[in-house]
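Here are the chains, one letter per residue:
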Amino acid sequence: MNQTVHIPNICEFMNRHLVDVFDTMLSIKAGVAPDKAMPMFDERITGCVAFAGEHVNGTIYLHLAAPFATQVAAAMLGLSASDLGDTEVNDVVGEVTNMLTGGLKSWLCDCGSECAVSTPAIIRGSAFTIEPVPDVERAWLLFDCNQSRVAVEIHVRIG
Amino acid sequence: MAIKILSVDDSRTIRLIVGRAFKSYDVTVIEAGNGEEGLAVAAREKPELIILDVTMPVMDGVTMLTRLKADPELKGIPVIMLTAESGRENVLQIARLGVRDYLVKPFKEEQIIEKASRCVTLEKRAVTAA
């Protein structure tokens, strides 16, 4: 299968894939948000995984509110939230971001755009923004799950 | 005697999930955090099965698998690759290296058991009275 890779079809894939990852790994139902209201995080945990190839490269950022990230980690590890420290929560957020980007990598490869992915990194903080470098397109995807809003930020350079 | 399964993954989360999947079976899950550690643990413990991640720091799963298959003492150990990447090329590359099976993330614990039971005989752990 060879198909042209554009931001809209990357977003379309990621909308489906996040719902699948959350359902399969966390048994958490996620839905594409009906509005474009950006989440306001008091404290945020962001997972990031980069992908790079000859025709496409970029980074996927998964932004979660800290309390929801703890819920996600508890769901994935089958533990109580009170048993979890920052290390466990970071590891789970990194792994979920890795699954999201790994799925995108597979989709890109099947579209004819081979690429490799990095190992995950975590950013924790309450007031930060991530600015794309020149020539990089950015898209935001928003999801609602368990009364929390989840944001996926996609930075991609095609061609 | 419990069979040994080696889980090689840089993510503690995934190692925990693998360990949890085999909790009700007569299995001892041993762990390594990258391919280099994985080779050392495999040589020392001689596990009956290895569940191996692809993308890891220090030494990735493909390199570990290549070295494992080149070692006369370890090459017979069946390997299930665990990968977040399901693309056709990726799967073909893994298949060429001689893995027994592969599992794409996200996955359910039942899928690990199903794949593992095609490689080794899994027996339910005896329930002991409290």
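Above this note sits the structure.
Nothing here was measured: the structure is a model prediction, and the numbers come from that model.

Asks: Describe the sheet that holds strand S5 (residues 101–104) of chain B, and please don't skip the residues or the numbers.
Replies: Residues and elements named next belong to chain B. The strand order S2-S1-S3-S4-S5 describes an open sheet built from five strands, whose pairing is parallel. Edge positions in the sheet fall to strand S2 (27–32) and S5, since each of these pairs with one other strand and no more. Along the sheet, successive strands turn relative to each other by an average axial angle of 20°, direction set aside. Where strand S3 (residues 49–53) meets strand S4 (residues 79–83), four bridges bridge the pair, whose relative direction is parallel. Directly across from Ile51, in S4, lies its bridge partner Ile80.

Asks: Any details on the packing of helix H1 (residues 12–21) of chain B against helix H5 (residues 109–116) of chain B? Residues and values, ideally.
Replies: All names here are of chain B. At their nearest, the axes of H1 and H5 sit 9 Å apart, and the two run at 65° to each other. Looking at the two axes, H1 sits roughly perpendicular to H5. At the point where H1 passes H5, the crossing takes the right-handed sense. When H1 is examined against H5, the residues Ile17, Val18, Arg20 and Ala21 are found in contact with a partner set consisting of Glu109, Ile112 and Ile113. Looking at the contact of H1 with H5 residue by residue, the classes come out as five nonpolar, no polar and two charged.

Asks: Provide a residue-level description of the interface of chain B and chain A, including the pertinent values.
Replies: Contacts between chain B and chain A engage 21 residues on the former and 25 residues on the latter. Of all residues in chain B, B:Thr13, B:Glu85 and B:Pro106 give up the largest surface area on contact with chain A, accounting jointly for 28% of the area buried on that side. For the pair chain B and chain A, the interface holds two salt bridges. For B:Lys105, the salt bridge is made with A:Glu95, and the minimal N-O distance between the two is 2.9 Å. Remark: the boundary between chain B and chain A carries eleven residue pairs in polar contact (both at pLDDT 80 or more). Those elements giving two or more residues to the side of chain B that touches chain A turn out to be H1 and helix H4 (88–96) of chain B. Counting residues per element, the side of chain B that touches chain A draws most heavily on H1(B), at six residues.

Parameters and conventions
- Residues numbered from 1 in each chain as written.
- Chains lettered and ligands numbered in written order.
- Predicted model: local features only at pLDDT ≥ 70, side-chain atom pairs only at ≥ 80, totals over all residues.
- Heavy atoms only, no water.
- Pairing = 2+ DSSP bridges.
- Helix = DSSP H or I, 4+ residues; strand = E, 2+ residues; numbered from the N terminus.
- Axes fitted to C-alpha atoms, helices over the stretch in contact; angles between N-to-C directions.
- Parallel < 35°, antiparallel > 145°, perpendicular 65-115°, else oblique.
- Left-handed = near helix turned anticlockwise from the far one by under 90°.
- Contact = heavy atoms within 4.5 Å.
- Nonpolar A, V, L, I, M, F, W, Y, C, P; charged D, E, K, R; others polar.
- Buried area = accessible area lost by both parts, 1.4 Å probe.
- Salt bridge = Lys/Arg side-chain N within 4 Å of Asp/Glu carboxyl O.
- Polar contact = N/O pair within 3.5 Å; in protein donor to acceptor, adjacent residues only side chain to side chain.

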